[in-house]
Amino acid sequence: MKTRQADITYHQSPSKPRLSLPAGACDTHCHVFGPVAQFPYAEDARFRPGDAPKDRLFALHDMLGIDRRVLVQPGCHGYDNSAIADAIAARPRSSLGIALLPVDVSSAVIKDLAQKGFCGVRFSYMAHLKKGPNKEDLVTMSRRLVEFGWQLVIHMDHSYIADMAETLCNLPLPVIVDHMGRIDASVGMNQAPFKALLKLMESPHVWVKVSAAERASRQNPPYADAVPFARKLVESFPDRVLWGTDWPHPNYRSAPPDDGVLVDLLADICPTEKHSTDLLVNNPSALYHFDQERKGQD
C-alpha cells in the first residue's frame, strides 16, 4: 500500500495572537498524532504524519489562551482511540473526545469510552478518508448513541450536504457539521452547497463548526474569502456554532497555517463580543458539559 511520507503537519513557531480569548475558551476540533512509538498508526493508514503529541497541543493551547478542548480521533489511528484517551487523561477536567468507531461496535466499548471522556462519534464522507456508513446504518447507529447521551459529528464534502440533509434533520441527537461543510469559498456565498448548509442549520439539533477557514479559502493567509461564510453562520445561528483550530492541520494543501493567525480571524468572524463569547465559551459549555461527572484535576 502506498503511504505518504511522515512529516510534521503543524506550524513550528505559531505567532501569539493579537486577540485575547475569553476565559473558558474551547477548541472544539483538534487532534493528536502518536507518538507512534506508543500509539502506532492503523495498518491500513495511507496518511502517516510525524508525531503531534498531546504535550505540543497543550503548549499551543496555553499560548493561545484556550482553556478547554475536544479531541477528534484522526483517521490514521483508525478505531484505536487510545491516543485521544491518553490526552484526555492528562487534562481530564478540560478535555473530551470524539471517537472513530465501526457501526457494529458493542455497547460495552461505547460505555468504556464514555467513562474515559468521549462524548460522540465521527463519520466522514470525504474522498481521502474511509467513507462513513450508509443512511440506514447511520440512523441505526444514532439511535444507539442516544442511550449514552452522545453526539454525532459529520465531516462531509460540500457535494454531500444536500443529499445528506433529510437524514441528518431527522436524527434523534445533536449533529455537528465539521468545517462549515467543507465549502469552497472561491465559489461565492450564493453557491448551492452553502445554501444547503444554511437550510440544514434550520433544524434545532444541528450545529456547525466555523473551523478550517484555511481549508475553505483559496487565498493566502489571512484567508479573507472564507470569513464571510463563517460570519454568516455565526450571525444566523449564534447559539449553535462552534470553533476549532483543526491542529495539527492534517492533509492541508500547503505550508502549515499559523494558529495565531487563525485565532485573529475571530475578530472578523464575530460581529460582537457576545457572539465571540457564545462561540468560544457558552455554546461549547451547553453542548459538551465539561464539568458533568468529570474526575481528576488538570
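Residues numbered from 1 in each chain as written. Predicted model: local features only at pLDDT ≥ 70, side-chain atom pairs only at ≥ 80, totals over all residues. Heavy atoms only, no water.

Peer 1: Any chance you could explain the overall build of the protein chain here in plain terms?
Peer 2: Each helix and strand in the protein chain was counted, giving eleven helices and eight strands. C-alpha extents for the protein chain along the principal axes are approximately 45 × 45 × 45 Å. Contacts in the protein chain between residues at least 24 apart in sequence constitute 77% of all its contacts with a sequence separation of at least 6. Total accessible area on the protein chain is roughly 12900 Å²; 50% of this is exposed by carbon and sulfur atoms. Computed over 33 positive and 35 negative side-chain charges, the separation of the two mean positions in the protein chain equals 1 Å. (Helix = DSSP H or I, 4+ residues; strand = E, 2+ residues; numbered from the N terminus. Contact = heavy atoms within 4.5 Å. Areas by Shrake-Rupley, 256 points an atom, 1.4 Å probe, with all protein chains shown as cover. Lys, Arg positive; Asp, Glu negative; His and termini not counted. Charge placed at Lys NZ, Arg CZ, Asp CG, Glu CD.)

Peer 1: Sorry, what's going on with the sheet that holds strand β1 (residues 26-30) here?
Peer 2: Hydrogen bonds along the backbone pair up the strands of a sheet, which may run parallel or antiparallel. Within the open sheet, the eight strands sit side by side as β1-β2-β3-β4-β5-β6-β7-β8. Their pairing is parallel. Every interior strand has two partners, whereas the edge strands, β1 and β8 (241-242), have only one. Sheet analysis places strand β6 (residues 175-177) next to strand β7 (residues 206-209), joined by three bridges and oriented parallel. Bridge pairing in β7 places I176 opposite W207. (Pairing = 2+ DSSP bridges.)

Peer 1: How should I be thinking about the side chain of R69 in this particular structure?
Peer 2: Relative to the helices and strands, R69 resides in strand β2 (residues 68-72). Taking relative accessible area as the criterion, R69 reaches 0% and is therefore assigned buried. (Buried < 20%, exposed > 50% of the residue type's maximum accessible area, 1.4 Å probe, protein only.)

Peer 1: Before we go on, may I ask you to explain helix α4 (residues 135-146) in this structure?
Peer 2: Given 3.6 residues per turn, any residue in an α-helix points the same way as the ones three and four places further on. For α4, built from twelve residues, the straight-helix expectation of 16 Å at 1.5 Å per residue is met to within 8% by its first-to-last C-alpha distance of 17 Å. Along α4, the residues that are buried comprise L138, M141, S142 and L145. Angularly, the buried residues of α4 cover 105° about the axis, an arc narrow enough to put them on a single face. Within α4, the exposed residues directed more than 90 degrees away from the buried face are E136 and R143. Summarising the contacts, the buried residues of α4 are in contact with α3 (107-115), β4 (118-125), β5 (151-156) and α5 (161-169). Regarding α4, its N-cap is N134, as a side-chain oxygen of that residue lies 3.2 Å from the backbone nitrogen of E136 further along. (Expected span 1.5 Å × (residues − 1). Arc of directions from axis to C-beta. Polar contact = N/O pair within 3.5 Å; in protein donor to acceptor, adjacent residues only side chain to side chain.)

Peer 1: Can you walk me through the nonpolar core in this structure?
Peer 2: General note: in soluble globular proteins, nonpolar side chains tend to be found buried as a group. The biggest cluster of nonpolar side chains holds 82 residues, and the ones touching the most others in it are I154, M156, L168, V210 and L233. With near-sequence residues (within four places) excluded, L233 lies in contact with M180, F194, L197, L198, M201, V208, V210, P238 and V241. The next biggest cluster of nonpolar side chains, apart from the first, holds 13 residues, and it includes C119, V153, L287 and Y288. (Core = buried A, V, L, I, M, F, W, Y, C linked by side-chain atoms within 4.5 Å.)

Peer 1: Explain the packing of aromatic side chains to me, please; I cannot follow it from the model alone.
Peer 2: When we look at a pair of aromatic rings, we describe it by the centre distance and by the angle of the planes. By the definition in use, this model includes five aromatic pairs. Judged by centre distance (6.1 Å) and plane angle (50°), the rings of Y125 and Y160 are tilted. In this pair, Y125 is assigned in strand β4 and Y160 in the loop between β5 and α5, connecting sequence segments 35 residues apart. The exposure class of Y160 is partly exposed, given its relative accessible area of 27%. (Phe/Tyr/Trp six-rings, centres within 6.5 Å; stacked < 30°, edge-to-face > 60°.)

Peer 1: Explain unusual backbone geometry to me, please; I cannot follow it from the model alone.
Peer 2: Leaving glycine out, the prevailing phi sign among residues is negative, and the prevailing peptide bond configuration is trans. Note that the residue after G34, namely P35, is joined by a cis bond; omega there is 5°. Relative to the elements of secondary structure, P35 occurs in the loop between β1 and α1 (54-64). That bond from P221 to P222 is cis: its omega, 15°, falls within 30 degrees of zero. Tracing the backbone through its elements, the reader meets P222 in the loop between α7 (213-216) and α8 (227-236). Phi angles above zero are rare outside glycine, and H249 is one such case at about 65°. Of note, N251 is a non-glycine position whose phi angle comes to about 60°, a positive value. Within the secondary structure layout, N251 lies in the loop between β8 and α9 (259-264).

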